[in-house]
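Chain and residue survey
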Amino acid sequence: MRHASLALIVTASSLALGGATTAFAQDTAALGAIPHAAATPTAADDELEARTTAVASTLRCPVCQGESIQDSPAELAQQMRAVVRDRLRAGESPDEIKAYFVSRYGEWILLEPAMSGLNIALYVLPVLLMVGGLAFVAYLVRRWTTPEAGIQ
Amino acid sequence: MNWGRATVAVLTAVPVIALFAFGFTRDPGEIPSPLPGNPAPDFSLAVFAPGEGTLSRSVGDSIRLRDLAGKVVVVNFWASWCVACRDEHVALSETAREYADRPTQFIGVLYNDRQNLGLRWIEGMGGQSYPSVTDRGSLTAIDFGLYGVPETFIVDPAGRIAYKHLGPISARVLRSKIDSLLPAAMPTGMTPRDSAP
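Definitions and limits used
Residues numbered from 1 in each chain as written. Chains lettered and ligands numbered in written order. Predicted model: local features only at pLDDT ≥ 70, side-chain atom pairs only at ≥ 80, totals over all residues. Helix = DSSP H or I, 4+ residues; strand = E, 2+ residues; numbered from the N terminus. Rg over C-alpha atoms; globule rule 2.2 N^0.38 Å. Contact = placed C-beta atoms within 7 Å. Expected span 1.5 Å × (residues − 1). Buried ≥ 20, exposed ≤ 12 C-beta atoms within 10 Å, placed from the backbone. Pairing = 2+ DSSP bridges. Axes fitted to C-alpha atoms, helices over the stretch in contact; angles between N-to-C directions. Core = buried A, V, L, I, M, F, W, Y, C linked by C-beta atoms within 7 Å. Nonpolar A, V, L, I, M, F, W, Y, C, P; charged D, E, K, R; others polar. pLDDT = per-residue confidence, 0-100. Left-handed = near helix turned anticlockwise from the far one by under 90°.

Scanning chain B from terminus to terminus reveals 6 helices and 7 strands. Ordered by position from N to C terminus, the α and β elements of chain B give α-β-β-β-α-β-α-β-α-β-β-α-α. Relative to the 2.2 N^0.38 estimate, which gives 16 Å for 197 residues, the radius of gyration of chain B is 22 Å and therefore markedly larger than a compact globule would have. Across chain B, every contact between residues at least 6 apart in sequence was considered, and the portion connecting residues at least 24 apart equals 75%.

The subject of this paragraph is helix 5 (residues 120-145) of chain A. Helix length check: helix 5 of chain A, at 26 residues, gives a terminal C-alpha distance of 38 Å against a target of 38 Å (1.5 Å per residue), a fit within 8%. Little of helix 5 of chain A sits out of view: just 0 of its 26 residues are buried.

Another point: the sheet that holds strand 4 (residues 104-110) of chain B. Residues and elements named next belong to chain B. The 7 strands lie next to each other as 2-1-5-4-3-6-7, forming an open sheet whose pairing is mixed. Either end of the sheet is taken by a strand with one partner, and the two such strands are strand 2 (62-64) and strand 7 (161-166). Here the average twist between neighbouring strands, direction ignored, is 30°. Examined bridge by bridge, strand 1 (residues 44-49) and strand 2 share 3 bridges and lie antiparallel to one another.

All right, on to the nonpolar core then. Within the largest apolar cluster, 59 residues are counted, with the highest numbers of intra-cluster contacts made by M80 of chain A together with I107, V109, Y111 and I154 of chain B. Sequence-distant contacts of V109 of chain B, that is, excluding residues within four places in its chain, are made with L45, V75, N76, F77, V133, D135 and T140 of chain B.

This next bit is on the interface of chain B and chain A. In this assembly, 13 residues from chain B lie in contact with 13 residues from chain A. When grouped by side-chain class, the residues that make up the side of chain B that touches chain A number 6 nonpolar, 6 polar and 1 charged.

This brings us to the confidence of the model for chain B. Residue and element names in this part refer to chain B. Summary statistics for chain B give a mean pLDDT of 90 and a share of 90% for residues scoring 70 or more. Counting interchain partners and residues more than four positions distant, the pLDDT-below-50 stretch residues 191-197 has 2 contacts. Taken over the whole predicted complex, pTM reads 0.72, whereas the ipTM for its chain interfaces reads 0.80.

Next up on the list: the environment of S68 of chain A. All names here are of chain A. You can see S68 is positioned in the loop between helix 2 (40-56) and helix 3 (75-89). S68 sits in the partly exposed class, given 19 other C-beta atoms within 10 Å. Between the C-alpha atoms of S68 and L128, which are 60 residues apart in sequence, the distance is 28 Å. Residues in contact with S68, not counting those within four places in the same chain, are A56, S57, L59, R60, C61 and L111.

Turning our attention to the packing of helix 2 (residues 84-98) of chain B against helix 5 (residues 171-181) of chain B. All names here are of chain B. With their axes 9 Å apart at the nearest point, helix 2 and helix 5 run at an angle of 35° to one another. Crossing handedness for the pair helix 2 and helix 5: right-handed. Together, A91, E94 and T95 of helix 2 and A171, L174 and R175 of helix 5 make up the contact between the two elements. Partitioning the contact of helix 2 with helix 5 into residue classes produces 3 nonpolar, 1 polar and 2 charged.

As structure tokens, this is what we get:
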């Protein structure tokens, strides 16, 4: 889940950044000829690339084992990454793009399953087992270190 | 023997073993598709291999899935570098010919391959009765949730994906699926009298 929230933060901040750059570009354009305005497309490209990376990192490559389409050099993975980029450019949100891939490949395509239905067990069970295990160990340690009533 | 401790051990071990036992029966390469039962993604792709006789389409023509409403459409993703595609080629080509006078349309979609290699492959395989199209950037392949070739999708006359087949498909499977989807539900080679009770 941490990855997902990180991706969200990255996306949100890049979105904010993108908004700021666009606003800046509009301001400068309104002010008249300022050479910096010409450099904004590259900034927008970088920003689009960063958002593409954020989304592509959450999608599983169908022809690999446990790799994201961001990390895989496979042709299909790169083509899927291009789809992510094109859809972002067309104004779709990361969630809409993920929903598109889920509608084609199923939940399987998400490297981190959505936190709903039975999937909640995936997030809750490890924590429960961890807490339960620690409690059990604590109980055993206390029993071992406390002298038995009979001996006293 | 401490029965309490033994019970705890068994209660812990059994679910874990059961989970692994279940896990080992599953193929991690097999991705469940959400597509069957849903409307097929529309596409409009250009023909690069025309096909033969009455089934042929001019090179450069676009085949649009939406225009094929009312027909059973067999969409087969293939590539010249795909070894398993050789196994199903005859079955597809023959079945397409067999169903030529029924409302069906077979389409080959070339996947991550070069057109000239595809054409050479078709020639080497002794021809392909139905047309094949190219899919630039694999946009249609991704739309169909493809993860390998060959994969075959059978679209019903209402435009829904009725069936998805992984790996080489046989003539028997093709026939049974197509027959079950054709409006008259009458297999080829049968006269109307044969199908009467």
